[in-house]
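What follows is each chain in one-letter form.
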Amino acid sequence: MAGSSEDNRKGAYIVRRPMIQLPDTTKWAGIERFGLDRLVDFSRLLPVNPQFDHPVVKLAVSDRGPVAPELRDCLAHGWYLDRSDGVVTIPRTVLALAGGVVGAVAEQRSSGRDRHGRVPPSANVLVAAGLEKEPIISQAALALRDAACAVAGRRPRRLVAPWPGGRRWAAAFTHDLDLVAWWPLAAGVRLVELARKREFARAGQALAAGLGSIGRDPVWRGVQAVLQSEAGREVPSTWFLLCETPTLASILAGDVTYRPESRAVRRILRVLVDYRCEIALHGSFVTAEADSAFGRQRQRLDRLMGSETRGVRQHFLRMRPGLTHARMRAAGFRYDSTLGFSDRNGFRLGVADVTPVWNAADDAALEIEEGPFCWMDRALSKYQAIEDPRAWVDEGLDLAGRCRAVEGVWVGVWHPNVYPATGFPGSTGAFERLVSGIVAEEPFLGSLSEIVDWRTSRRRVRAQALAADGTVQAVSESGEGQAHRLEDPSGRACEPVRSPS
Ligand SMILES: [Zn+2]
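With distances of 2.1 to 2.7 Å, the protein atoms coordinating the zinc ion are Asp 178 (OD), Asp 178 (OD), His 282 (NE2) and His 315 (ND1). Here the zinc ion is ringed by four donor atoms whose angles at the metal span 51 to 134°, and the overall shape comes out irregular. Sequence spacing of the donor residues for the zinc ion, all on one chain, is D-x103-H-x32-H. Of the two residues, His 282 sits in strand E8 (residues 278-283) while His 315 sits in the loop between strand E9 (311-314) and helix H13 (323-330), which places them 33 residues apart along the sequence. The residues His 282 and His 315 share a single accessibility class, namely buried.

Right, let's get into the nonpolar core. If you look at the biggest cluster of nonpolar residues, it comprises 99 residues, and the most contacted ones within it are Leu 39, Trp 79, Ile 137, Phe 173, Trp 239, Leu 241 and Trp 410. When residues in this core are grouped by element, the largest group, eight residues, is from helix H6 (residues 136-150). Composition of this core by domain shows at least three residues from each of domain 1 (5-160) and domain 2 (165-451). Leaving out residues up to four positions away in the same chain, Trp 239 has contacts with His 175, Leu 177, Val 223, Val 226, Leu 227, Leu 272, Cys 277, Glu 278, Ile 279, Ala 280 and Pro 416.

Inspection of every chain in the model, using the stated rule, returns zero disulfides. With no disulfide of its own, Cys 243 lies 16 Å from the sulfur of Cys 277, the closest cysteine sulfur. On the accessibility criterion, Cys 243 (1% relative accessible area) is buried.

All right, on to the sheet that holds strand E18 (residues 485-487) then. In space, the three strands of this open sheet follow the order E5-E18-E19, with antiparallel pairing throughout. One side of each edge strand has no neighbouring strand; the edge strands of this open sheet are strand E5 (159-160) and strand E19 (493-496). Here E5 pairs with E18 via two bridges, running antiparallel. Bridge pairing in E18 links Leu 159 to Glu 487.

Another aspect to go through is helix H11 (residues 263-274). The end-to-end C-alpha distance of H11, which contains 12 residues, comes to 17 Å, matching closely the 16 Å that a straight helix rising 1.5 Å per residue would cover. All buried positions along H11 are accounted for by Val 265, Ile 268, Leu 269, Val 271 and Leu 272. The buried residues of H11 all sit within an arc of 165° when viewed along its axis, so they share a single face. Looking at H11, the residues exposed on the side facing more than 90 degrees away from the buried face are Arg 263, Arg 270 and Asp 274. Along its buried surface, H11 packs onto strand E6 (170-177), helix H9 (218-231), strand E7 (238-242), E8 and helix H12 (293-305). Residue Arg 276 follows H11 closely and has a positive phi angle near 60°.

Quick look at the packing of helix H15 (residues 389-405) against helix H16 (residues 427-439) now. At a minimum axis separation of 9 Å, H15 and H16 run at an interaxial angle of 15°. With respect to each other, H15 and H16 are oriented roughly parallel. Judged by the twist between their axes, the crossing of H15 over H16 is right-handed. Only Ser 427, Ala 430, Arg 433, Leu 434, Gly 437 and Ile 438 of H16 make contact with H15, whose side of the interface consists of Pro 389, Arg 390, Val 393, Asp 394, Gly 396, Leu 397 and Ala 400.

A few words on the packing of aromatic side chains. One pass over the structure, following the stated rule, counts 11 aromatic pairs. For the pair Phe 173 and Phe 431, a centre-to-centre distance of 6.3 Å together with 90° between the ring planes defines the contact as edge-to-face. Highlighted residues: Phe 173 in strand E6 and Phe 431 in helix H16, separated in sequence by 258 residues. Take Phe 173 and Phe 431: they sit in the same class, and that class is buried.

You can read the domains of the protein as domain 1 (5-160) and domain 2 (165-451). Each side of the interface is counted separately: domain 1 has 36 residues, and domain 2 has 37 residues. Across the domain 1 to domain 2 interface the summed buried area is about 3,000 Å²; carbon plus sulfur atoms make up 52%. When the buried area of domain 1 at its contact with domain 2 is split by residue, Gln 108, Arg 118 and Lys 133 rank highest and sum to 22% of it. Along the contact surface separating domain 1 from domain 2 lie six salt bridges. Across the salt bridge formed by Arg 348 and Glu 107, the nearest N and O atoms sit 2.7 Å from each other. Counting across the interface, domain 1 meets domain 2 through 20 residue pairs in polar contact (both at pLDDT 80 or more). Mapped onto the side of domain 1 that touches domain 2, the elements with two or more residues apiece are helix H1 (30-43), helix H3 (92-102), helix H4 (105-109), helix H5 (125-128) and H6.

For E7, the buried fraction is high: five of the five residues fall into the buried class. Judged by which residues are buried, E7 turns out to be covered on both faces: Thr 238, Phe 240 and Leu 242 on one side and Trp 239 and Leu 241 on the other are all buried. Bridge count for E6 against E7 is four bridges, and the pairing is parallel. Residue pairing for E7: Leu 177 is matched across the bridge by Leu 241.

Bringing H3 into the picture now. Most of H3 sits out of view: nine of its 11 residues are buried. Along H3, the positions that sit buried rather than exposed are Arg 92, Val 94, Leu 95, Leu 97, Ala 98, Gly 99, Gly 100, Val 101 and Val 102. Downstream of H3 by one or two residues, Ala 104 has phi in the positive range, about 50°.

Each value, and the rule that gives it
- Residues numbered from 1 in each chain as written.
- Predicted model: local features only at pLDDT ≥ 70, side-chain atom pairs only at ≥ 80, totals over all residues.
- Heavy atoms only, no water.
- Donors = N, O, S within 2.8 Å, 3.2 Å for Na, K, Ca; no water.
- Tetrahedral: all angles 85-135°; square planar, octahedral: opposite > 155°, others 65-115°.
- Helix = DSSP H or I, 4+ residues; strand = E, 2+ residues; numbered from the N terminus.
- Buried < 20%, exposed > 50% of the residue type's maximum accessible area, 1.4 Å probe, protein only.
- Core = buried A, V, L, I, M, F, W, Y, C linked by side-chain atoms within 4.5 Å.
- Domains from an automatic or database assignment.
- Contact = heavy atoms within 4.5 Å.
- Disulfide = S-S within 2.5 Å.
- Pairing = 2+ DSSP bridges.
- Expected span 1.5 Å × (residues − 1).
- Arc of directions from axis to C-beta.
- Axes fitted to C-alpha atoms, helices over the stretch in contact; angles between N-to-C directions.
- Parallel < 35°, antiparallel > 145°, perpendicular 65-115°, else oblique.
- Left-handed = near helix turned anticlockwise from the far one by under 90°.
- Phe/Tyr/Trp six-rings, centres within 6.5 Å; stacked < 30°, edge-to-face > 60°.
- Buried area = accessible area lost by both parts, 1.4 Å probe.
- Salt bridge = Lys/Arg side-chain N within 4 Å of Asp/Glu carboxyl O.
- Polar contact = N/O pair within 3.5 Å; in protein donor to acceptor, adjacent residues only side chain to side chain.

Following this line, the structure appears as structure tokens:
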């Protein structure tokens, strides 16, 4: 039996999880449960239902272990995972630490603000420890999985296959439509920026390209260049659109610069719909402050598109994690994709994966998912004065390799106004190289909605029974009709997962 009585060792709880079991977690802090749920989810270990009647590997959670572990201690000690026959034990304090990283708890506690009202990157625990370049919590989940597989003995070993169609990782290309009207103004601002950085050759190229583009709508061309790089490779991208009426002040602040119903924007939207792109909301500055703004902007986009908007990302990444997410949730959004860094590339939540958002104020997870991005075109340009698009793309491809290594998802941001005629010589070829480099590694390519839907339903696959012939019967409890599959630890395809009847 997979019951808990045989394993109630002193100080250890038995978790009904990866062909493994749940303890009474009622006395746990919420963040400990959140940490446990996230590690199990990222590991792809297959949890068993209560009625599963066969010995399985058990995950035990211990009160012993380090009192207040640091991230570096966890890395040095293999996350304090303890292995014995059929049981993997992890300290509760380590679960709290992992939950705190994925839940951005330190950022939520910080009262710091940068000049855009954002939490400064220094308030992020991974930045403080110099660990933001690696998806360390995704890696911890793999260590948990390895430990569970290593102690399994003759017990059944099954994982849930990571992505649709046998793909081993995923990639999402996303675009923020910051600029449509007023492009000469933005191009002028960019020229000043280049001149200030003493990038005179680049400024000269940009000026020549800009002058050559007068009357030829470089923003439209920039959008088309992006779509041409993507469409030939069947990349379904996700576009974030500002949905507020611009004012002189909002234009000068670089906030809202276009009217979403304008002819130029409608033309862009038509071609995006033709290419089966997902359209989501780019929350303007006011959404970071005023309560009603998310609902108003979402409804405006719903009307414009004739469909329900599911995703959101904040313009300039203006948000207070948790707090702003709660307001996004209240406005009906299903996912956010704001949690990357503005001034560097890397993993702000320590994961290359989709996760529920933690709300520290309520000590509970919100019913909204985060699809954190790890790479943005201008992170190196704007804040580190690296102006060669080839260097940006080198880092994007490097991070994609790290996402692939943990079978996670790479989410990248490319602005269509990063285009030669609007101040970025060499950008079009660089984007082309980024897309082809990622596609060559055969990820599952999806819109953010598709990726979020897949991950939330994968999270709910459970083993129900073990048949006499050794096959595992599993069901997805979500009913979203996704074709999940089980596999063995070597990645060999095993049983299909049934949808709930
Ligand atoms: Zn933006």
